[in-house]
Amino acid sequence: MEIMTDLKQAIDTRRTFAIISHPDAGKTTITEQMLLLGGVVRSAGTVKGRQGNFAKSDWMEIEQKRGISVTSSVLQFDYDGKRINILDTPGHEDFSEDTYRTLMAVDSVIMVVDSAKGIEPQTRKLFEIVKERHIPIFTFFNKLDRDGRPAMDLVDELEETLGINAYPMNWPIGSGQVLSGLFDIYHQQVEVYRPASEDERFLPLNAAGDDLTQPNAIQQTPVWKEAREEVELLQDAGNAFNEDAVLKGELTPVFFGSALAGFGLETFLQTYLQFAPAPAPKKTTDQQVIEPDQAEFSGFVFKIQANMNPNHRDRIAFVRIVSGEFERGMDVTLQRTAKKMRLSNVTQFMADSRENVENAVPGDIIGVYDTGSFQIGDTIYAGKKSIEFEELPTFTPELFMHVRAKNVLKQKSFHKGVTQLVQEGTIQMYTAWDSGDYILGAVGQLQFEVFQFRMENEYNSEVILEPMGSKIARWVSEDQLDSKMASSRNLLARDRHGNPVFLFENMFAERWFEDKYPNVKLETKL
Ligand code: G4P
């Protein structure tokens, strides 16, 4: 009984989330500020210099410069009585299906937006996945120390382009040169930018929430009046705060601040942690709900990272724990193969780990060393009762390449490699309808690079990749299909389950097709 109470308590402290943003919005800077607040690093602002740096991920940059044990995928640290797990969602050239899949392993998401730029394409893509899954999402408009777009415009754009309601938790008093502070609507106080003394950092608001209780110089700034009027407008005409709507992902609490100046970030993190949900239960394929505090351990694999160093062929399977307690050396079953295995070679991801953590609970991520047993989406569980978590979604690829073996005599290793890497979720496979030629599909260029590298190094198969550029994949049902519908602008292919799919050259080709065959239904995914 005692163990169960401990487990419950431990679960309650977990907050597992991802930060999504468009490149350069400030994800790395915010992550670093959080590490600073968590006492993991001592000073901020120096990790970025990119010169002479060949690191792939921003977190690897942090790791190299700081010498702390950050892996490129998971960061765990303690703050304010909570144990935080931040999962990396690589952008830039590292964008891949892994980025999407990571969102299947978090309980909430922080969306960072550059307040000079507003909502940008990569944020929108990631947001769509978050929305589909009803994951609670918290918005941080960054770079307030720079001249940005008016706050009202930013919030309107957020609501309109993303189709979500917003609730500003705070509101900027000026920006750029004239940034004076934040109207902290939620805490009924003003947070002063660069206060003369620490005592003046937070100034309480009156009961109406529209003025300070004590006169202060900030009230003399020209931007004060404007901010006050806007806050009044929000109070009269804006959305009401509703925690339930936040937890359903229908309302996003909005914060403003500057990660670089460390302004507004601490309040943001504290408030975020107050509302961000603890680890959620998860459904199985037979519609059972596995509660985190149930005694038997279970988890699922959401990412497999192959070691790109040819001397170390090992891979790490990233497992999100769903229920029970993980203990090093425990026996589990891999549901797909019914194979039993002992989890002894496991890493955990404490950012400043001086001691070796031996156990982990729901919400935590463990990295299991893998010699090829795991696939993305696999369930592992302890105990006798077999469970299988619902399948992870696949994501519609946007980039395509023809692929063939360089050496025609080495077809066997080529096929073996392709089959295994596709099964593992590294890349998606299609075949041209007529010729049967192999076509690879991916959401990010990196996936092709990883595929090519692993084919050579693990399967001894050199491949020739011919870019086909970006395409729009649309599925059709076989009974509506006539192979004459295919053309050079809409290539007909089969997905790996044999379903017909058109790869359109661009939006115009798709529209042309829709006009020509109005009765044929094009599906964006299966
Ligand atoms: P990312 O991980 O989302 O790609 O963004 P990152 O944190 O790397 O930030 C991108 C750039 O924006 C960096 O500048 C960073 O210093 C800057 N930045 C982040 N937050 C703020 C902020 O609140 N205010 C301002 N003014 N700038 C911010 P850089 O030029 O790429 O690097 P650096 O040479 O300035 O370090």
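What counts as what
Residues numbered from 1 in each chain as written. Predicted model: local features only at pLDDT ≥ 70, side-chain atom pairs only at ≥ 80, totals over all residues. Heavy atoms only, no water. UniProt positions renumbered as here; feature names shortened; annotations may be inferred. Helix = DSSP H or I, 4+ residues; strand = E, 2+ residues; numbered from the N terminus. Buried < 20%, exposed > 50% of the residue type's maximum accessible area, 1.4 Å probe, protein only. Contact = heavy atoms within 4.5 Å. Areas by Shrake-Rupley, 256 points an atom, 1.4 Å probe, with all protein chains shown as cover. Salt bridge = Lys/Arg side-chain N within 4 Å of Asp/Glu carboxyl O. 1 Å grid on protein atoms, 1.4 Å probe; cavity = no way out; pocket = protein on both sides within 12 Å on 5 of 7 lines; lining within 4 Å. Points joined across faces, edges and corners; volume = space filled by probe spheres on them. Nonpolar A, V, L, I, M, F, W, Y, C, P; charged D, E, K, R; others polar. Domains from an automatic or database assignment. Pairing = 2+ DSSP bridges. Phe/Tyr/Trp six-rings, centres within 6.5 Å; stacked < 30°, edge-to-face > 60°. Lys NZ or Arg CZ within 6 Å of the ring centre and 35° of its normal. Axes fitted to C-alpha atoms, helices over the stretch in contact; angles between N-to-C directions. Parallel < 35°, antiparallel > 145°, perpendicular 65-115°, else oblique. Polar contact = N/O pair within 3.5 Å; in protein donor to acceptor, adjacent residues only side chain to side chain. pLDDT = per-residue confidence, 0-100.

The name an unreviewed UniProt entry assigns to the protein chain is Peptide chain release factor 3, from the organism Weissella kandleri. Under the UniProt heading Subcellular location (unreviewed entry), the note attached to the protein chain is "Cytoplasm". Here the protein chain is described in UniProt, under the heading Sequence similarities (unreviewed entry), as follows: "Belongs to the TRAFAC class translation factor GTPase superfamily. Classic translation factor GTPase family. PrfC subfamily."

Participant: Got a minute to help me understand the overall build of the protein chain in this structure?
Facilitator: Of regular secondary structure, the protein chain possesses twelve helices and 29 strands. Counting only residues that meet the buried cut, the protein chain has 53% of its 526 residues in that class. Long-range contacts, defined here as pairs at least 24 residues apart, represent 69% of the contacts in the protein chain between residues at least 6 apart. Summing over all exposed atoms, the protein chain offers an accessible surface of approximately 24300 Å²; the carbon and sulfur share of this is 47%.

Participant: Just to check I follow, could you spell out the pattern of salt bridges for this structure?
Facilitator: For side chains of opposite charge, pairing can occur when their charged atoms come near one another. Inspection of the entire model under this criterion finds 25 salt bridges. Residues arginine 336 and aspartate 378 are paired through a salt bridge, measuring 2.8 Å at the closest nitrogen-oxygen approach. Pair noted here: arginine 336 is in the loop between strand E17 (330-334) and strand E18 (339-343) and aspartate 378 is in the loop between strand E21 (365-370) and strand E22 (379-381), with a separation of 42 residues, a long-range link. Through salt bridges with shared partners, one network takes in Glu97, Asp98 and Arg101.

Participant: Got a minute to help me understand the layout of surface pockets in this structure?
Facilitator: Over the atoms a probe the size of a water molecule is rolled, and this reveals where empty space is left. Of the pockets and cavities examined, the second largest pocket occupies roughly 770 Å³. If you trace the second largest pocket, you find 33 residues lining it, with Glu391, Leu392, Thr394, Arg496 and His497 closest to the centre. At the level of secondary structure, the elements contributing two or more residues to the lining of the second largest pocket comprise helix H4 (97-102), helix H10 (411-424) and strand E24 (428-432). Looking at side-chain class alone, the lining of the second largest pocket contains twelve nonpolar, eleven polar and ten charged residues. When residues are assigned to domains, the lining of the second largest pocket turns out to be shared by domain 2 (282-381) and domain 3 (399-516), each giving three or more.

Participant: Any chance you could explain the pairing of strand E8 (residues 181-184) here in plain terms?
Facilitator: The side chains of a regular strand alternate between the sheet's two faces. With burial as the criterion, each face of E8 is covered, one bearing Gly181 and Phe183 and the other bearing Leu182 and Asp184. Of the pairings in the sheet, the one linking strand E7 (residues 170-173) to E8 comprises four bridges and is antiparallel in character. Looking across to E8, one finds that proline 172 is bridged to leucine 182. Note: E8 against strand E9 (residues 189-192), four bridges, orientation antiparallel.

Participant: Could you clarify how one ought to interpret empty space enclosed by the protein in this entry?
Facilitator: Summed over the entire model, instances satisfying the criterion amount to two cavities of 30 Å³ or more. The wall of the largest cavity is formed by eleven residues, among which Gln76, Gln348, Phe349, Asp364 and Ile365 lie closest to the centre. When residues of the lining of the largest cavity are traced back to their parent elements, those giving at least two are strand E3 (82-87) and strand E20 (359-360). Of the residues in the lining of the largest cavity, the class split is four nonpolar, four polar and three charged. Domain assignment of the residues forming the lining of the largest cavity places at least three in each of domain 1 (2-275) and domain 2 (282-381).

Participant: I'm lost on the sheet that holds E22 in this one. Help?
Facilitator: Hydrogen bonds along the backbone pair up the strands of a sheet, which may run parallel or antiparallel. Taken together, seven strands build an open sheet; the order of strands is E18-E17-E22-E14-E15-E21-E19 and the sheet is antiparallel. Either end of the sheet is taken by a strand with one partner, and the two such strands are E18 and strand E19 (346-347).

Participant: Got a minute to help me understand unusual backbone geometry in this structure?
Facilitator: Peptide bonds are, in most cases, trans, and in most cases residues other than glycine have a negative phi. Despite not being glycine, histidine 134 shows a phi value in the positive range, around 55°. In this structure, glutamine 287 takes a positive phi of about 65° despite not being glycine.

Participant: Sorry, what's going on with the packing of aromatic side chains here?
Facilitator: Geometrically, a pair of aromatic rings is defined through the distance of the ring centres and the angle of the planes. Using the criterion set out here, one finds 23 aromatic pairs in the structure. Taken together, a centroid distance of 5.9 Å and an interplanar angle of 20° make the contact between phenylalanine 268 and tyrosine 272 stacked. One end of the pair, phenylalanine 268, and the other, tyrosine 272, are both in helix H9 (residues 265-275), four residues apart, so they sit about a helical turn from each other. Both residues of the pair, phenylalanine 268 and tyrosine 272, belong to the buried class. The structure contains a cluster of three or more aromatic residues connected by ring pairs, namely Phe17, Phe138, Phe140, Phe255, Phe268 and Tyr272. The ring centre of phenylalanine 300 lies 4.5 Å from the NZ or CZ of lysine 282, which sits over that ring. The residue whose ring lies beneath lysine 303 is phenylalanine 318, and the NZ or CZ to ring-centre distance is 5.8 Å.

Participant: Could you clarify how one ought to interpret the pairing of strand E4 (residues 108-114) in this entry?
Facilitator: Along E4, seven of the seven residues are buried, which leaves the element largely enclosed by surrounding structure. Residues Ser108, Ile110, Val112 and Asp114 point to one face of E4 and Val109, Met111 and Val113 to the other, with burial holding for every one of them. Looking at chain direction, strand E1 (residues 14-21) and E4 are connected through five bridges and run parallel. In the strand pairing of E4, isoleucine 19 is matched with isoleucine 110.

Participant: Looking at this structure, I do not really get the environment of asparagine 460. What am I missing?
Facilitator: Here asparagine 460 lies in the loop between helix H11 (445-459) and strand E26 (463-470). Residue classification places asparagine 460 among the exposed residues on the basis of a relative accessible area of 52%. Separated by 50 residues in the primary sequence, asparagine 460 and lysine 410 have C-alpha atoms spaced 9.0 Å apart. Once you skip the residues sitting within four places of it in the chain, asparagine 460 turns out to touch Lys410, Ser413 and Met455.

Participant: What am I meant to see in the packing of helix H2 (residues 27-37) against H9 here?
Facilitator: Between two packed helices, both the angle of their axes relative to each other and the distance between the axes serve to describe the pair. Interaxial distance between H2 and H9 falls to 11 Å at its minimum, and their mutual angle equals 80°. With respect to H9, the element H2 is oriented roughly perpendicular. Across from Ile30, Gln33, Met34 and Leu37 in H2, the residues of H9 making contact are Leu265, Glu266, Phe268 and Leu269. Split into classes, the residues belonging to the contact of H2 with H9 amount to six nonpolar, one polar and one charged.

Participant: Can you help me understand the side chain of arginine 320 in this one?
Facilitator: By secondary structure assignment, the location of arginine 320 is in strand E15 (residues 315-323). In this structure the side chain of arginine 320 is engaged in a polar contact, spanning 2.9 Å, whose partner is the backbone oxygen of alanine 105. Of the polar contacts made by the side chain of arginine 320, one reaches the side chain of aspartate 107; its length is 3.1 Å.

Participant: Explain the confidence of the model for the protein chain here, please?
Facilitator: In regions of low pLDDT, the predicted coordinates are not meant to be interpreted in detail. Summary statistics for the protein chain give a mean pLDDT of 87 and a share of 89% for residues scoring 70 or more. A low-confidence stretch, residues 45-59 stays under pLDDT 50, and its non-local contacts, those more than four residues away or across chains, total 43 contacts. In this model residues 62-71 is a low-confidence stretch, pLDDT under 50, and it forms 34 contacts with partners more than four residues away in sequence or in other chains.

Participant: What is the right way to read the environment of glycine 441 from this model?
Facilitator: Mapped onto the elements of the fold, glycine 441 is located in strand E25 (residues 438-442). Taking the C-alpha atoms as reference points, glycine 441 and proline 397, 44 residues apart in sequence, are found 5.3 Å from one another. With residues near it in sequence (within four places) discarded, glycine 441 still touches Pro397, Leu399, Phe400, Ile427, Gln428 and Tyr430.

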